[in-house]
Amino acid sequence: MPTPALELSGITKRFGPVPAVKGVDLEVPAGEVVALVGENGAGKSTLVRCVARLTQHDGSVRVHGAPLGRTTADVLAQGVGFVWQDLGLCEDLDVVANLFLGRERRKILLDEAAMDGEARALLSQLSVEIPDLRQPAATLSRGQRQMVAIARALVGPVQILVLDEPTASLGVGETRAVFELVRRLRDQGMAILVITHDLDLAFRLATRIAVMREGEIVAQVSPLEVHPEDVVALISGIEIDSMARRQLRRLHSLVDQLSGAEPSASLPLIISAMAAALHQEMLCVHLNTDGPDGQMLRLSAAVGLPEPLLQSSRLLPVGPGGGCVGLAAQTGEVALVEDVRVDPAWDQFRGAAAGTEIRSAWAAPIMGRRGVLGTISGYDTALGAPRADRLELVSLYAGHAASAIERERLLAEVTRRNRILESLRTMLESLAGPDRIEGGLSIALLALCRGLGAEEVAVLRPGDHAGLERVAGTAQSGAAQQAEGSPVSAIRELLAETAGTQARVMSPGVAGAQLQLPDGPAALVAQWADPDAVEADAIELLEDAARSLGLALEREALEQARQEADALRRSQRFQRDLLGRLSHELRTPLTAIHGYASTLQQPDLVWDAESTERFLSAIAAESARMERLVGDLLDSSTIESGLLRLQRHWCDLGLVLDAARACVTDRERVTVGLHDEVDPIWADHDRLEQVFVNLIENGLRHSGPGCAVEVTMRRGAAPQTVEVRVADDGVGIPPSLASRLFSTPSARAQGARGNGLGLIIVRGIVEAHGGAIELAESERGTCFVVTLPTEPPDGTEPDASATDWELIDEARRTVA
């Protein structure tokens, strides 16, 4: 361990019974500044006089390990210099004489030239500017005299400097000069002991602070580890809470508050806590923002600023034009204005701050992960720069502010993304729903309009005469109508560009994106009442929405094409199947008709009347069969195309069943029974007769010889319905055919006769009446159940003509 430059051990001094210094131990290493602080009467000056051998004492003092000289001259010769609080200058002597008083340079007489040159060299080395070295000390300023006193102490090979209240009664500029001089001497390796009441000096210059109270050194602390209030407590001997502990409690409290606060309230909380921690009455925060001329600093929060200064600080440029705030944002380092009266960085605020007590200012950057987010600035009523510990505290709170700002921005970004995703989700749900795109498009555009916060959203495409045609959109608002729509030329330009063009702002308050419709390009255009409301996220959402709409329209077109292709395939398959089955059915009667007609036309044969009648009857029967085939084909086509028209009247269902029984050939094998009395129903008599004729003939044809068909009618299980059961006692229908019985003409038993269209026609007619037909379970044979409504679909009796009423009355009289 190196030997201290100055070492005091057990220094004790008593004035009679009163102890002035009691066993003081103190070391001052080379290249360090030790500040000795304490109240008046604490023994500081007495201790210095002991070191200077102006007062006898007990204990030992060593200089670079050697005992202290016995006289003051010996001490000075050991390289120890002293600057006393009263300076000790001779007011009537000039600067050179004061510097070399008692140490004059001589040859035979005084060597004035040598002393003059040596004085100028010394003052130049200390950066002390005194133009005329021959002027009396009484004419110098207080600061210049302090510099002369320090320079006089350094005449000779001085390695230890003792300063007693070096800045007492000095101005700001003169104090700054003394500080710079002491720092230079320290950096040159000199050991410096400073006796002072000025804690600001101690915290700025000292590497260690020794606190003296009642003649004793009660503590030695580092200025980096304590607060001035802690040193004040040590000086006064009052036990108070440590400033560091209080700051920690404040920070813990702040962290607790931030954890439960909304992100938008975090920054004001931090500024309020920072003002309390720094005892700073005037603080403000500026955040980086994009301005018309580049990056700007916008005022975000302020505490205690005078109104004129507040107004002039609302928007500042980054750089020197923004004062210390702009400089801190530009450099990323703390910017200081120690004296607002002379510092050029304060020029633009000087008028706004006139009449206030602001004397200095500072600004610290708020550093985020990607650089400077903004600045925190403070304004003081005292001259000079803030202490190092205060700047450290500022940096700590600036870190909290950076976290709060980034948290708020992250939340804003997440909220913006969620809003975009929610708008897109609503759009996609509307477009992907069961309705066609024409129905979902308006709902989707309304959701997009809400997500954008726009007045109107519309889909436009090229129209006639260089205009635009509105395909779809939200209801036009007053603001949108007053704006007279969109910039037509800009939209047509957008439509002419290649696919995939990015969305953009086309005029103030209007933005658009290209959209591909199945029949050509279109534009998705949004309009805002406020031109400044068009933000970057709105453009992004508009572009995503255009892409989603394009995909939905493409999906709709593909689905429509698929459905058309499926319908075409089904139609072709049905056509092939139908023609394949009808070809034989049609060919058989045509062959019979052609054969009988050719036989009757033979010129060499003469038929008797009975044969001729037999041939003609056969021709008539085959012609009727052909007519039925053609009728079935036409009915099937009408039902398939949805063009079946019913001639509804009030009709008696019992009469319909009797008429159907009378139409079949083997009517003796058919029985009709009525289990319940049923009122007349609103239906097409002829079509219902066709239904039951087909069902009865189907039962007779497929049940086999000797089998019977039973038709029964009853009230349905549901209100206002009637149920008709047509059952036979034949072999029944295989289960494999039951599911396809009403959907394809190929669903019939092996070897069965007929064209296979009967049941399809039956189902179409029944469903056109609002009813249903199904194959019911039966112990033997086949049972069809037809359920029909008895009243019109709307539940009210429709208007009827006089003829209709006559038919109704007749039907009801017949039933009665």
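Residues numbered from 1 in each chain as written. Predicted model: local features only at pLDDT ≥ 70, side-chain atom pairs only at ≥ 80, totals over all residues. Heavy atoms only, no water.

On to the pairing of strand β1 (residues 6–15), then. Sheet analysis places β1 next to strand β4 (residues 58–63), joined by five bridges and oriented antiparallel. Note that in β4 the partner of glutamate 7 across the bridge is arginine 62. Two elements, β1 and strand β2 (residues 18–28), share seven bridges in a ladder whose sense is antiparallel. Residue pairing in the sheet places phenylalanine 15 in a bridge with valine 18 of β2. (Pairing = 2+ DSSP bridges. Helix = DSSP H or I, 4+ residues; strand = E, 2+ residues; numbered from the N terminus.)

We note that glutamate 214 has phi near 55 degrees; this positive angle belongs to a residue other than glycine. Tracing the sequence through the fold places glutamate 214 in the loop between β9 (208–213) and β10 (216–221).

Per the counting criterion, the structure on display carries nine salt bridges. For arginine 183, the salt bridge goes to glutamate 180, with nearest N and O atoms at 3.1 Å. With arginine 183 and glutamate 180 both in helix α6 (residues 172–187) and three residues apart, this pair spans about one turn of that helix. Here arginine 183 falls in the partly exposed class, since its relative accessible area comes to 24%. One salt-bridge network, held together by shared partners, links Arg562, Asp566 and Arg569. (Salt bridge = Lys/Arg side-chain N within 4 Å of Asp/Glu carboxyl O. Buried < 20%, exposed > 50% of the residue type's maximum accessible area, 1.4 Å probe, protein only.)

Before going further, it helps to examine the sheet that holds strand β18 (residues 468–473). Strand pairing in a sheet is mediated by backbone hydrogen bonds. Such pairs are either parallel or antiparallel. Spatial strand order, β18-β17-β21-β20-β19: five strands in an open sheet with antiparallel pairing. For this open sheet the edge positions go to β18 and β19 (504–507), each flanked by a neighbour on one side alone. Averaged over all neighbouring strand pairs, the angle between strand axes comes to 40 degrees, with direction disregarded. The pairing of β19 with strand β20 (residues 510–517) spans three bridges and is classified as antiparallel. By the bridge assignment for β20, serine 507 is matched with valine 510. (Axes fitted to C-alpha atoms, helices over the stretch in contact; angles between N-to-C directions.)

Glancing now at the side chain of aspartate 339. For aspartate 339, the position within the fold is in the loop between β14 (335–337) and β15 (360–368). We classify aspartate 339 as buried; its relative accessible area is 11%. Other than its neighbours up to four places away in sequence, aspartate 339 contacts Arg359 and Leu383. (Contact = heavy atoms within 4.5 Å.)

Scored by pLDDT, the chain has a mean of 77; 79% of the residues are at 70 or more. Mean pLDDT values over the elements of the chain span from 38, in helix α15 (residues 478–482), up to 92, in strand β28 (residues 783–789). Confidence drops under a pLDDT of 50 for residues 477–485, and excluding neighbours within four residues, the segment shows 10 contacts in the predicted structure. Across residues 746–755, where pLDDT falls below 50, the model places 23 contacts with residues more than four positions away in sequence or in other chains. (pLDDT = per-residue confidence, 0-100.)

The subject of this paragraph is helix α5 (residues 142–153). The first and last C-alpha atoms of α5 sit 17 Å apart over 12 residues, in line with the 16 Å expected at 1.5 Å per residue. Most of α5 sits inside the fold, with 10 of its 12 residues counted as buried. For α5, the full list of buried residues reads Gly143, Arg145, Gln146, Met147, Val148, Ala149, Ile150, Ala151, Arg152 and Ala153. (Expected span 1.5 Å × (residues − 1).)

Moving on to the nonpolar core. Counting 34 residues, the largest nonpolar core has Leu653, Phe692 and Leu695 as its most contacted members. For this core, the secondary-structure elements that each account for two or more residues are α19 (653–663), β24 (681–683), α20 (685–703), β25 (709–715), β26 (721–728), α22 (758–768) and β28. Top element by residues in this core is α20. It accounts for seven residues. Each residue touching leucine 653, except ones within four places of it in the same chain, is listed here: Ile681, Leu688, Phe692, Met713, Val722 and Val724. Counting 29 residues, the second-largest nonpolar core is a separate cluster that includes Ile11, Val34, Val61 and Val80. (Core = buried A, V, L, I, M, F, W, Y, C linked by side-chain atoms within 4.5 Å.)

So, on to the packing of aromatic side chains. Scanning the model with the defined rule gives three aromatic pairs in all. For the ring pair tryptophan 346 and tyrosine 379, a centre distance of 5.9 Å and an interplane angle of 55 degrees mean the geometry is tilted. Of this pair, tryptophan 346 sits in the loop between β14 and β15 while tyrosine 379 sits in strand β16 (residues 371–380), placing them 33 residues apart in sequence. Note on accessibility: tryptophan 346 and tyrosine 379 belong to one class, buried. Measuring from ring centre to ring centre gives 5.4 Å for tryptophan 650 and tryptophan 682, while their planes differ by 65 degrees; the resulting arrangement is edge-to-face. Here the residue tryptophan 650 occupies a position in strand β22 (residues 649–651), and tryptophan 682 occupies one in strand β24, the gap between them amounting to 32 residues. When its relative accessible area of 6% is taken as the criterion, tryptophan 650 is described as buried. Relative accessible area serves as the criterion here: at 12%, tryptophan 682 is assigned to the buried category. (Phe/Tyr/Trp six-rings, centres within 6.5 Å; stacked < 30°, edge-to-face > 60°.)

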